[in-house]
Amino acid sequence: MGIHMESSISNLESGYASGASSSDSLPSIVITKQHLKFLNATLNNLAPIDVLRWCKITFPNLYQTTAFGISGLVTLDMLSKIQTEMPEAPTIDAIFLDTLYHFKETHDLVEKTKQRYPNVHLHIYKPEGVETTAEFETKHGQELWKTNDQLYDWVAKVEPAQRAYSDLSVAAVLTGRRRSQGAKRNSLEIIEIDEAGLIKINPLASWSFKQVKDYITENSVPYNELLDRGYKSVGDWHSTEPVKEGEDERAGRWKGQAKTECGIHNKRSKYAQFLFELEQKSQQEELAAALNTVEI
């Protein structure tokens, strides 16, 4: 797994356009609402590896986003197998958001997967303007996830993700989300399109935790050592706990909080919404100023 360190940075009436922003440099793939419904009904009948085969020949600028959870590792392994089948086809690069608060075991796993899958390029994105936890806390303060969790999600995850999508001209991404993870994911479709028009494909949407774990075991896929200690879903060390018997897989994330997602896979956070409205206001003011200079 080659590695690339990175430290910087619409909807259509008939359907959706892909891309992380409205920038003309980003690729556009239009999927109408009717087509999206048809695709999901069809893809639901395919095995995950067949969904991935279809994605590989369908979407340009396709990337995998992964935090190296077990679903993402299964996807990575399947993509490696498909690459063997189609050696002349471009590889699908992976994007990892290093929040600077991942477990040591997660970073160890990154190194293991780099050795196991040397032909996959990994793009690592960190919070803007910082390289270390100390730098992050100097800039944003101690325990930002406690003092302002919306801002934390924005600077540690959402903004780096948007920067990655823009820098790499991402049109579509593969995620490791599954319906069996519970919470808001239990009605997950194979293909979704977010507010920015980014196409998100969830090839393992129909799989259970057991199916994923069995695949990991049967194919000797490297996985996070925390899995053997009761962690079924692993995020930042400060907001992840082991899961108890009978709990949803993601019950250990943000324990005790009315929260199940960090902002990457749900609607705009309050902070992101604030920035969006600020940008809209600025654009309106610029337009009004320009109109005032027009001679009638």
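Quick caveat: nothing in here was measured; it's all calculated off a predicted structure. (Residues numbered from 1 in each chain as written. Predicted model: local features only at pLDDT ≥ 70, side-chain atom pairs only at ≥ 80, totals over all residues. Heavy atoms only, no water.)

Student: Outline the overall build of the protein, listing residues and values.
Tutor: When helices and strands are tallied, the protein shows nine helices and nine strands. In the protein, buried positions account for 49% of the 296 residues. In the form shown here, the protein has an accessible surface area of approximately 14,900 Å², with 52% of it arising from carbon and sulfur atoms. (Helix = DSSP H or I, 4+ residues; strand = E, 2+ residues; numbered from the N terminus. Buried < 20%, exposed > 50% of the residue type's maximum accessible area, 1.4 Å probe, protein only. Areas by Shrake-Rupley, 256 points an atom, 1.4 Å probe, with all protein chains shown as cover.)

Student: Outline the pairing of strand β4 (residues 62-65), listing residues and values.
Tutor: On a regular strand, each side chain points to the face opposite its neighbour's, so the side chains alternate between the two faces of the sheet. On β4, burial covers both faces: Leu 62 and Gln 64 on one face and Tyr 63 and Thr 65 on the other are all buried. As paired elements, β4 and strand β7 (residues 172-174) share three bridges and run parallel to each other. When the bridges of β7 are listed, Tyr 63 appears paired with Val 173. Two elements, β4 and strand β5 (residues 94-97), share two bridges in a ladder whose sense is parallel. Residue pairing across strands places Gln 64 opposite Ala 94, the latter belonging to β5. In terms of handedness, the path from β4 via helix α3 (residues 70-85) over to β5 forms a crossover that is right-handed. (Pairing = 2+ DSSP bridges. Right-handed = clockwise from strand over helix to strand, strands pointing away.)

Student: Could you give an account of the packing of helix α2 (residues 48-58) against α3, naming the residues involved and the relevant values?
Tutor: Angle between the axes and distance between the axes are the two parameters that describe a pair of packed helices. One can describe the packing of α2 onto α3 by two numbers: an axis separation of 10 Å at closest approach and a directional angle of 60 degrees. It follows that α2 is oblique to α3 by the angle criterion. Handedness of the crossing formed by α2 with α3: right-handed. Taking contact as the criterion, the partners of Pro 48, Ile 49, Leu 52, Arg 53 and Lys 56 in α2 are, on α3, Thr 75, Met 78, Leu 79, Ile 82, Gln 83 and Glu 85. Across the contact of α2 with α3, the residue classes tally to six nonpolar, two polar and three charged. (Axes fitted to C-alpha atoms, helices over the stretch in contact; angles between N-to-C directions. Parallel < 35°, antiparallel > 145°, perpendicular 65-115°, else oblique. Left-handed = near helix turned anticlockwise from the far one by under 90°. Contact = heavy atoms within 4.5 Å. Nonpolar A, V, L, I, M, F, W, Y, C, P; charged D, E, K, R; others polar.)

Student: Describe the pattern of salt bridges, listing the residues and the values that go with them.
Tutor: Should their charged atoms come close, side chains of opposite charge can pair. Enumeration according to the criterion identifies 16 salt bridges in this entry. Residue Asp 77 pairs with Arg 116 through a salt bridge whose shortest N-O separation is 3.8 Å. One end of the pair, Asp 77, is in helix α3; the other, Arg 116, is in helix α4 (residues 104-116), and 39 residues separate them in sequence. We classify Asp 77 as buried; its relative accessible area is 2%. For Arg 116, a relative accessible area of 34% corresponds to the partly exposed category. Between Lys 114 and Glu 111 there is a salt bridge, with its nearest N and O atoms 3.1 Å apart. (Salt bridge = Lys/Arg side-chain N within 4 Å of Asp/Glu carboxyl O.)

Student: Outline α3, listing residues and values.
Tutor: End to end, α3 covers 23 Å across 16 residues, agreeing with the expected 22 Å (1.5 Å per residue, within 8%). In terms of residue burial, α3 counts as a mostly covered element, since 13 of its 16 residues are buried. (Expected span 1.5 Å × (residues − 1).)

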